[in-house]
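Listed below are the residues making up each chain.
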Amino acid sequence: MSQKPSIPKGTRDFTPRETAQRNYIFDTIKSVFRLYGFQQIETPAMENLITLMGKYGEEGDKLLFKILNSGDFLSGISEEELKEANSLRLAGKIAEKGLRYDLTVPLARFVVQNRHSISFPFKRYQIQPVWRADRPQKGRYREFYQCDADVVGSNSLMNELELIQILDEVYQRLKIKVIIKLNNRKILSGIAEIIGESENLTNITVAIDKLDKIGLQKVNEELLSKGISQGAVEKLQPILNLHGSNAEKLQQLKTVLGSSATGLQGISEMETLFNLCDTVSLNAVLSLDLTLARGLNYYTGVIIEVIASDVQIGSISGGGRYDNLTGMFGMPGVSGVGISFGAERIYDVLTQLNLFPENQSEQTKILFVCFGEKEQAYCLPLLKTLRELGINAELYPDLDKLKKQMSYADQQSIPFVGIVGENEMRENKVMLRNMKTGIQQLCSLKEIIDTIQ
RNA sequence: GUGGAUAUAGCUCAGUUGGUUAGAGCGUCGGAUUGUGGUUCCGAAGGUCGCGGGUUCGAAUCCCGUUUUCCACCCCA
């Protein structure tokens, strides 16, 4: 027996049904992106490793898929280096390319490299797979899609507003009820400053991000274990316990962060943004959530996260502003703000809530089944006409028994079958069977079109 | 990267303290029905029991290694 086929760990095949469902998600997102004036770009699956390395922190470097150099990849490696067997050092010499880890770094590279042909503000969207050499888990894969929309080269909070509207519109169209959580990195910086732990900002944000998940007690323990002083942790408590409306929270923060210029600027940004949001009447609930820190350290302003209110699955979208997006590629002073839809999780939410539309537009509307070659030939012009009218139609290619041909239609959920034999040809008609009701009727081409369109 | 579980037909799973020829349901194919699918009935095909080694008269079953998938942690979408 030949070997059992398999695919690499953490990757998936998609059946026609799954692909149709995924396209429903992608098409919905795409059409909203376009509605707001975003244009699509694509970048290669592989980037030069030097472009990717060091952009995602130490953890990130480990999770990069590296591509072995073509040809004799060991040429130019000295005996000593081979004996040393230092995988990390050797990897840098025998692999010069890697699979992209996200769509943001390729965007930064794209902007810098194509600056001659783009003008700011540059509004682009990108829907492509990314790869991470992570250990797969439920809802986590080594190959998955990201759907990003970013505005590059504009500092205006109007962009944040538009991205929030996009989130709102997409989830309204997908019929998913969501809460949009907002925070601001500058407020987090201000807090760290006030409690005298500015240099520990990352540890603080990582810890308080878990508040919902592990509770206040455990968060405090983690803070202390990361070297945050007891006094600082105590000062943090009233901030973690903030409550009230968004405006009330901001008001309370203003007094707490009074001596931090950065903090006050963050508060002012959020006030502006909430006021802007009030003018456009969103469906989603907007919530200022100070525990929202997100792992990504490159955010510098507004931070956005979306969770589904009817399903417990974690965040289904995220985003934020990152100043100096292109600085790492030698083009300083360009700000970016973007959002990303988590297609895999959205798929899970739609599945759980049974929200996929039943009638896929990609589906075949009518299948012709025949008894012989003459009948098949008779069908060809009919098929052509139907297809010209945009009606998805197909002909069963083999002269199998009618039973077999019919069950094919049944399995594909094709709603109509056109049966053609000598009798039908004689009358220049087709026996049209409605597969749902079982009713069938001798029809002319025009009658077929009127019935199934 | 750390820890735990798992692997038997295309799929979902049974399989007794280790004992003849490893089973079921679903699916597939054929027939009942040569011009009619989804229901029903009958029949058939389909397995190196993840892979490699060990213990034993004898291993799907016990032991070791390895891989896979799943779960938790780290991190993340």
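The rules behind the values
Residues numbered from 1 in each chain as written. Chains lettered and ligands numbered in written order. Predicted model: local features only at pLDDT ≥ 70, side-chain atom pairs only at ≥ 80, totals over all residues. Heavy atoms only, no water. Helix = DSSP H or I, 4+ residues; strand = E, 2+ residues; numbered from the N terminus. Buried < 20%, exposed > 50% of the residue type's maximum accessible area, 1.4 Å probe, protein only. Near = heavy atom within 4 Å. Polar contact = N/O pair within 3.5 Å; in protein donor to acceptor, adjacent residues only side chain to side chain. Nonpolar A, V, L, I, M, F, W, Y, C, P; charged D, E, K, R; others polar. Core = buried A, V, L, I, M, F, W, Y, C linked by side-chain atoms within 4.5 Å. Pairing = 2+ DSSP bridges. Axes fitted to C-alpha atoms, helices over the stretch in contact; angles between N-to-C directions. Domains from an automatic or database assignment. Patch = residues over 30% accessible without salt bridge, like charges linked within 9 Å, V, L, I, M, F, W, Y side chains within 5 Å. Areas by Shrake-Rupley, 256 points an atom, 1.4 Å probe, with all protein chains shown as cover. Salt bridge = Lys/Arg side-chain N within 4 Å of Asp/Glu carboxyl O. Parallel < 35°, antiparallel > 145°, perpendicular 65-115°, else oblique. Left-handed = near helix turned anticlockwise from the far one by under 90°. Contact = heavy atoms within 4.5 Å. Phe/Tyr/Trp six-rings, centres within 6.5 Å; stacked < 30°, edge-to-face > 60°. Lys NZ or Arg CZ within 6 Å of the ring centre and 35° of its normal. Arc of directions from axis to C-beta.

Asks: Lay out the environment of Ser-444 with the relevant residues and their values.
Replies: Mapped onto the fold, Ser-444 is located in the loop between β16 (440–443) and α18 (445–452). Accessibility expressed as a relative area gives 22% for Ser-444, which makes it partly exposed. Note: C-alpha distance between Ser-444 and Val-105 (339 residues apart in sequence) is 58 Å.

Asks: Let's hear about the protein's contact with RNA strand B: which residues, and what values?
Replies: Not every one of the 37 residues close to RNA strand B is listed here, only the nearest: Tyr-141, Lys-401, Arg-433, Met-435 and Gln-440. Sugar and phosphate atoms constitute 47% of the interface atoms of RNA strand B, taking the interface as everything within 4 Å of the protein. In this structure, a base oxygen belonging to RNA strand B sits 2.7 Å away from a side-chain N or O atom of Arg-140. Interatomic distance of 2.6 Å between a side-chain N/O atom of Arg-433 and a base oxygen of RNA strand B. Taken together, the elements giving at least two residues each to the surface near RNA strand B come down to α16 (402–411) and α17 (422–426). Ranked by residues supplied to the surface near RNA strand B, first place goes to α16 with 7 residues. Looking at the surface near RNA strand B, its residues break down into 10 nonpolar, 10 polar and 17 charged.

Asks: Tell me about the environment of Tyr-101, and please be specific about residues and values.
Replies: Mapped onto the elements, Tyr-101 comes out in the loop between β4 (95–99) and α6 (104–113). The spatial distance from the C-alpha of Tyr-101 to the C-alpha of Pro-129 is 9.0 Å, given a sequence separation of 28 residues.

Asks: Break down the nonpolar core for me, citing the residues and quoting the values.
Replies: Ile-166, Tyr-171, Ile-176, Ile-180, Leu-182 and Phe-341 are the most contacted members of the largest nonpolar core, which has 89 residues in total. Among the elements that make up this core, the one with the highest residue count is helix α7 (residues 157–173) (8 residues). In terms of nonpolar packing, the next biggest core, distinct from the first, is built from 19 residues, Cys-370, Cys-379, Leu-432 and Cys-443 among them.

Asks: Which residues make up the sheet that holds strand β2 (residues 46–48), and what values go with them?
Replies: Strand order across the open sheet formed by 3 strands is β2-β4-β3, with antiparallel pairing between neighbours. Here the strands that pair on one side only, and so sit at the sheet edges, are β2 and β3 (66–68). Sheet twist, expressed as the average angle between the axes of neighbouring strands with direction ignored, equals 45°. Pairing geometry for β3 and β4, over 3 bridges, is antiparallel.

Asks: Give me the domain arrangement of chain A: which residues, what numbers.
Replies: The domain boundaries assigned to chain A delineate domain 1 (177–309) and domain 2 (366–452). Using only C-alpha atoms to locate each centre, domain 1 and domain 2 end up separated by 62 Å.

Asks: Go over a nonpolar patch on the surface, please, and point to the residues and values.
Replies: A cluster of nonpolar side chains, contributed by Leu-68, Phe-73 and Leu-74, occupies part of the molecular surface with about 230 Å² of accessible area. Along the chain, the position of Leu-74 falls in the loop between β3 and α4 (79–84). When its relative accessible area of 38% is taken as the criterion, Leu-74 is described as partly exposed.

Asks: Tell me about the packing of helix α12 (residues 246–256) against helix α13 (residues 261–278), and please be specific about residues and values.
Replies: Taken N-terminus to C-terminus, the directions of α12 and α13 make an angle of 160°; their axes are 10 Å apart at the nearest point. The orientation of α12 relative to α13 falls into the category roughly antiparallel. Where α12 crosses over α13, the handedness of that crossing is left-handed. Where α12 approaches α13, its residues Asn-246, Leu-250, Leu-253 and Lys-254 are matched on the opposing element by Leu-264, Ile-267, Met-270, Glu-271 and Phe-274. Along the lines of polarity and charge, the residues of the contact of α12 with α13 split into 6 nonpolar, 1 polar and 2 charged.

Asks: Before we move on, can you summarise the packing of aromatic side chains with the specific residues and values?
Replies: The tally for this structure, following the rule as stated, stands at 11 aromatic pairs. Where Tyr-171 meets Phe-341, the ring centres are 5.6 Å apart and the plane angle is 45°; that geometry is what we call tilted. Separated by 170 residues along the polypeptide, Tyr-171 in helix α7 and Phe-341 in strand β11 (residues 336–342) bring together distant segments of the chain. Both residues of the pair, Tyr-171 and Phe-341, belong to the buried class. Lying across the ring of Tyr-141, Arg-12 places its NZ or CZ 3.5 Å from the centre. Cation over ring: Arg-22 sits above Phe-14, and NZ or CZ is 3.9 Å from the ring centre.

Asks: Give me the lowdown on the sheet that holds strand β5 (residues 122–131), citing residues and values where you can.
Replies: Sheet strands line up and pair through hydrogen bonds in the backbone, either parallel or antiparallel. Spatial ordering of the open sheet is given by β1-β5-β6-β11-β10-β9-β7-β8, a layout of 8 strands whose pairing is mixed. The sheet is open, and its two edges are formed by β1 (39–40) and β8 (285–288), each paired on a single side. Alignment of strand β10 (residues 315–322) against β11, held across 6 bridges, turns out to be antiparallel. Each residue of the ladder has a partner; that of Gly-320, found in β11, is Gly-338.

Asks: Explain α18 to me, using residue names and the numbers behind them.
Replies: Those residues of α18 not exposed but buried are Ile-448, Ile-449 and Ile-452. Seen along its axis, α18 keeps its buried residues to an arc of 95°; they face one direction. Of the exposed residues in α18, those oriented more than 90 degrees away from the buried face are Lys-446 and Asp-450. At its buried positions, α18 is contacted by β12 (366–370), α15 (373–388), β14 (416–420), β15 (430–434) and β16.

Asks: Tell me about unusual backbone geometry, residues and numbers included.
Replies: Residue Phe-120 is joined to Pro-121 through a cis peptide bond whose omega torsion reads -5°. Position of Pro-121 relative to the elements: it lies in the loop between α6 and β5. With phi around 60°, Asn-324 is a residue other than glycine that occupies positive phi space. Among the residues examined, Asn-324 registers a relative accessible area of 42% and is labelled partly exposed.

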